[in-house]
Amino acid sequence: MSTRLPTSGLSGVEPTPRAPHQPERNDRPGHRVPVTIHSTEPLSREGAASLLGRYRELDVTEDSELRPGTVVLVITDVLDGPALTLLRRVARADGVRAVLVIGALREAELLDVVACGISAIVWRREATGKQLARAVVAAARGDGTLPADLLGRLINQVGALHRSVSGGDGVPTTGLTARETEVLRLVADGLDTGEIAAELAYSERTIKNIMHGLTTRFHLRNRAHAVAYAMREGYI
């Protein structure tokens, strides 16, 4: 069953022919990623729609139905109540992803965002058309992108969380396998699922199974959380 978003704050434009700078191709040739844009500011909403509308891989739409495969672009200055509620609603929708474009994010809010399954975050000050398109395509694939400074803060957050649970800095009794570590090292380098599969000569399904296995075993929320955990524990 699909989840409906409030129609207020959603807008889009029809895509135009290929722009000079394109995001990475989608897994299926000819497939266009449906994108809905949510912002309380009409200027931000229309600006993002105009930027993303240049990429033929993306289908910017006003459809408020959260259908599987849809990416919701959430634009906000701060993580206020409505924005967090929206992210949580998206997290509960089957097959729907979200990209968060935000002006500032406090330490206490970072794990809340990760807990919503949001691994694609773009700072508003860095939100060019190319950056937004790359983040949307990455989210649609189940990959993610985090600013480098946010990744460092996430590592500190995860470290503090593990210390509070374990009472120390010990390495877990059941560690990462060599193959898991290799995959996470490439995730940390910014490679997506297809690129990791090509690098390691595995199928994309195998890479996804590896990621699912380790995130499940260590109760990690998503790829960003997994990379932070591996770095915190000294695996990469």
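Preceding this paragraph is the structure being described.
This text gives an overview of the structure that appears in the document. (Residues numbered from 1 in each chain as written. Predicted model: local features only at pLDDT ≥ 70, side-chain atom pairs only at ≥ 80, totals over all residues. Heavy atoms only, no water.)

## Observations concerning the environment of R179
The following threshold applies: Secondary structure elements are taken from DSSP: a helix is a run of H or I of four residues or more, a strand is a run of E of two residues or more, and numbering for both begins at the N terminus. Burial classes follow relative accessibility: with a 1.4 Å probe on protein chains only, a residue under 20% of its type's maximum area counts as buried, one over 50% as exposed, and anything between as partly exposed. Contacts were defined at the residue level, with two residues in contact if any of their heavy atoms lie within 4.5 Å.
Tracing the backbone shows R179 in helix 6 (residues 178-188). Owing to a relative accessible area of 40%, R179 belongs among the partly exposed residues under this scheme. Each C-alpha atom, one on R179 and one on I207, is 9.7 Å from the other, the two residues being 28 residues apart in sequence. Filtering out sequence-adjacent residues up to four positions away, R179 remains in contact with Y202, T206 and I210.

## Digging into unusual backbone geometry
Excluding glycine, residues mostly carry a negative phi; peptide bonds, for their part, are mostly trans. We note that A201 has phi near 60°; this positive angle belongs to a residue other than glycine. Within the secondary structure layout, A201 lies in the loop between helix 7 (193-200) and helix 8 (204-217). Backbone geometry at H219 places phi at a positive 60°, although glycine is not the residue there. Note on placement: H219 falls in the loop between helix 8 and helix 9 (223-232).

## What to know about the packing of helix 7 against helix 8
Definition in use: Whenever a helix is involved, its axis is fitted only over the stretch in contact; in every case the axis is a line through C-alpha atoms, and angles between N-to-C directions fall within 0 to 180 degrees. Should an angle fall under 35 degrees it is taken as roughly parallel, and over 145 as roughly antiparallel, whereas 65 to 115 is taken as roughly perpendicular and any remaining angle as oblique.
Orientation of helix 7 relative to helix 8, taken along the N-to-C sense of each, is 105°, at an axis distance of 8 Å. Considering the angle they form, helix 7 stands roughly perpendicular to helix 8. Contacts between helix 7 and helix 8 pair T193, G194, I196, A197 and L200 from the former with E204, I207 and K208 from the latter.

Geometric values such as these leave the question of function open.
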